[in-house]
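# Commentary on secondary and tertiary structure
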Amino acid sequence: MTMIQAINSAMDVTMARDDTVVVMGEDVGYFGGVFRATAGLQKKYGTNRVFDTPITECGIMGVAIGMGAYGLRPVTEIQFADYIYPALDQLVSEAARLRYRSAGEFIAPLTIRSPFGGGIFGGQTHSQSPEGIFTHVSGLKTVIPSNPYDAKGLLISCIEDNDPVLFFEPKRLYNGPFHGHYDRPVDSWHGHPAAEVPEGHYRVPLGQAAVVREGMDVTILCYGTMVHVALNTVAEIGEIDAEIIDLRTLVPLDIETIERSVRKTGRCLIVHEATRTGGFGAELSALVQERCFYSLEAPVERATGFDTPYPHSLEWAYFPGPVRIREALKRILRD
């Protein structure tokens, strides 16, 4: 399956197992979603379980929270992550607080799916990476897959979780990871548009990172599209033995795997597409410094997007690609 097929399969599997799972969002029904992630689901499960909503993100989120509080498991689609901001108050003030505020009497078991990141020339209002905003909010979980197998297993775990989860889908990976001028395939799925994904139900647990490449020289922490960019860059360089960790879930974070790796390598590079200032990389850097200070042989480095609105014509320059990653690795290994 491609990632888009794996995401569709996750919803299909959970809807077949649990009739409290409903899918809602703009154009998710008859049209099957702008990226066709929900294609065929309305025809299979009917308009009561897969239905279109008005163009009102705060309304979508408010209705979903109410559904979750009264026994349903809504899977909402925000058509692009850039459009999620009108729903921020509902997410932060209601969904994230409901279990705590009601002393466990009510929960908000909703999953918010949303394509994020660049790679399709969407410009400043269709390419943002807002994951850092949500990792700051207690009560929300944040999940970002990098491949089809993880996408399906993680999404099933999100839907079956009793807390609200942001499930950000790297749109650049929907039909395979490589659509840029500097990307070249490497081993495993990371060089192919599809992967072996089981048809049935399986879960990838939240809070478990994956070591996608073992190494001794430096630890690279990344997620989503940047996993592939990091793998390609290390393959191109050749002489650097980097350990690459796909975080998969930002909250809850697998800090144990990060600690083990950094204590082994003594060096750490963090790569993400989101803007640098206040990005999740800053939290990762602080955690590594706090927990692995006496193992570090060089300052923690970051390769990120720029602190600018997302450009349209220059998006390939905006991405933290091989050039910036190579420069950061040279600085780390020089110290």
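Residues numbered from 1 in each chain as written. Predicted model: local features only at pLDDT ≥ 70, side-chain atom pairs only at ≥ 80, totals over all residues. Heavy atoms only, no water.

## Observations concerning the packing of aromatic side chains
Tallied over the entire structure, the rule returns 11 aromatic pairs. Residues Phe134 and Phe168 carry aromatic rings whose centres are separated by 5.9 Å and whose planes lie at 45 degrees to one another, so their mutual orientation is tilted. Pair noted here: Phe134 is in helix H6 (residues 131-135) and Phe168 is in strand S6 (residues 165-170), with a separation of 34 residues, a long-range link. Grouping residues by exposure puts Phe134 and Phe168 together as buried. Here Tyr149 and Tyr202 contribute two aromatic rings whose centre-to-centre distance is 4.6 Å and whose plane-to-plane angle is 20 degrees, an arrangement assigned as stacked. Placement of Tyr149 in helix H7 (residues 148-160) and of Tyr202 in the loop between S6 and strand S7 (210-213) is noted, with a sequence separation of 53 residues between them. (Phe/Tyr/Trp six-rings, centres within 6.5 Å; stacked < 30°, edge-to-face > 60°. Helix = DSSP H or I, 4+ residues; strand = E, 2+ residues; numbered from the N terminus. Buried < 20%, exposed > 50% of the residue type's maximum accessible area, 1.4 Å probe, protein only.)

## Quick notes on the confidence of the model for the chain
Counting all residues, the mean pLDDT for the chain is 92, and 95% of those residues have values of 70 or more. In the model, residues 178-191 has pLDDT below 50 throughout and makes 44 contacts with residues more than four positions away in sequence or in other chains. (pLDDT = per-residue confidence, 0-100. Contact = heavy atoms within 4.5 Å.)

## Here's the deal with the pattern of salt bridges
Within the structure shown, the criterion is met by 16 salt bridges. The residue Arg101 makes a salt bridge to Glu94 at a minimum N-O spacing of 3.1 Å. A residue is classified by how much of its surface remains accessible, and Arg101, at 55% relative accessible area, is exposed. Judged by relative accessible area, Glu94 falls into the partly exposed class, the value being 28%. In this structure, Glu236 engages Arg326 in a salt bridge whose closest nitrogen and oxygen atoms are separated by 3.4 Å. Residue Glu236 is found in helix H8 (residues 225-237), and its partner Arg326 is found in helix H12 (residues 322-334); the two are separated by 90 residues along the sequence. Classification of Arg326 by relative accessible area gives partly exposed; the value is 28%. Bridged by salt links that share partners, the residues Arg99, Lys141, Asp161 and Asp163 form one connected network. (Salt bridge = Lys/Arg side-chain N within 4 Å of Asp/Glu carboxyl O.)

## Observations concerning the packing of helix H3 (residues 57-69) against helix H4 (residues 88-95)
Between H3 and H4, the least distance of the axes is 8 Å, while the angle of their chain directions is 25 degrees. Overall, the two elements H3 and H4 adopt an arrangement that is roughly parallel. Contact with H3, carried on its side by Cys58, Met61, Gly62 and Ile65, involves Gln90, Leu91, Glu94 and Ala95 of H4 and no other residues of that element. (Axes fitted to C-alpha atoms, helices over the stretch in contact; angles between N-to-C directions. Parallel < 35°, antiparallel > 145°, perpendicular 65-115°, else oblique.)

## What to know about the environment of Gly266
Position of Gly266 relative to the elements: it lies in the loop between helix H9 (255-265) and strand S11 (268-275). Between the C-alpha atoms of Gly266 and Val92, which are 174 residues apart in sequence, the distance is 37 Å. Each residue touching Gly266, except ones within four places of it in the same chain, is listed here: Ser295, Leu296, Glu297 and Ala298.

## Describing the pairing of strand S4 (residues 111-116)
Most of S4 is tucked away, with 6 of its 6 residues classed as buried. Here S4 shows a buried face lined by Thr111, Arg113 and Pro115 and a second buried face lined by Ile112, Ser114 and Phe116. In this sheet, S4 lies alongside strand S3 (residues 73-77) in parallel orientation, the contact comprising 3 bridges. Bridge pairing links Thr76 to Ile112 in S4. Pairing between S4 and S6: 6 bridges, direction parallel. Paired with Ile112 across the bridge in S6 is Leu166. (Pairing = 2+ DSSP bridges.)

## Considerations on the environment of Arg97
Along the polypeptide, Arg97 turns up in the loop between H4 and helix H5 (98-101). You can call Arg97 partly exposed: its relative accessible area is 33%. Here the alpha-carbon distance between Arg97 and Val229, two residues 132 residues apart in the chain, equals 36 Å.

## Some words on H12
For H12, which comprises 13 residues, the first-to-last C-alpha distance of 18 Å matches the rise-based estimate of 18 Å (1.5 Å per residue) to within 8%. All buried positions along H12 are accounted for by Pro322, Arg324, Ile325, Ala328, Leu329 and Ile332. Projected onto a plane normal to the axis of H12, the buried residues spread over an arc of 160 degrees and lie on a single side. Exposed residues lying more than 90 degrees from the buried face of H12 are Lys330 and Arg334. For H12, the elements touching its buried residues are strand S8 (218-222), H8, S11, strand S12 (301-305) and helix H11 (315-318). (Expected span 1.5 Å × (residues − 1). Arc of directions from axis to C-beta.)

## A short note on the side chain of Asp82
Relative to the helices and strands, Asp82 is located in the loop between S3 and H4. Look at Asp82: it is buried, it has no salt bridge, and the nearest opposite charge is Lys171 at 5.0 Å. Of the polar contacts made by the side chain of Asp82, one reaches the backbone nitrogen of Gln128; its length is 3.0 Å. With near-sequence residues (within four places) excluded, Asp82 lies in contact with Gln124, Thr125, His126, Ser127 and Gln128. (Lys, Arg positive; Asp, Glu negative; His and termini not counted. Polar contact = N/O pair within 3.5 Å; in protein donor to acceptor, adjacent residues only side chain to side chain.)

## Here's the deal with the sheet that holds S11
Read from one edge of the open sheet, 5 strands run S7-S9-S8-S11-S12, paired in mixed fashion. Both edges of this open sheet fall to S7 and S12, since each of them pairs with a single strand only. Along the sheet, successive strands turn relative to each other by an average axial angle of 25 degrees, direction set aside. Where S11 meets S12, 4 bridges bridge the pair, whose relative direction is parallel. The partner of Ile270 across the bridge, within S12, is Arg302. Contacting S8, S11 and S12, helix H10 (residues 280-292) crosses the sheet at an angle of about 160 degrees to S11. Those strands touched by H12 are S8, S11 and S12, and its axis lies near 170 degrees from that of S12.

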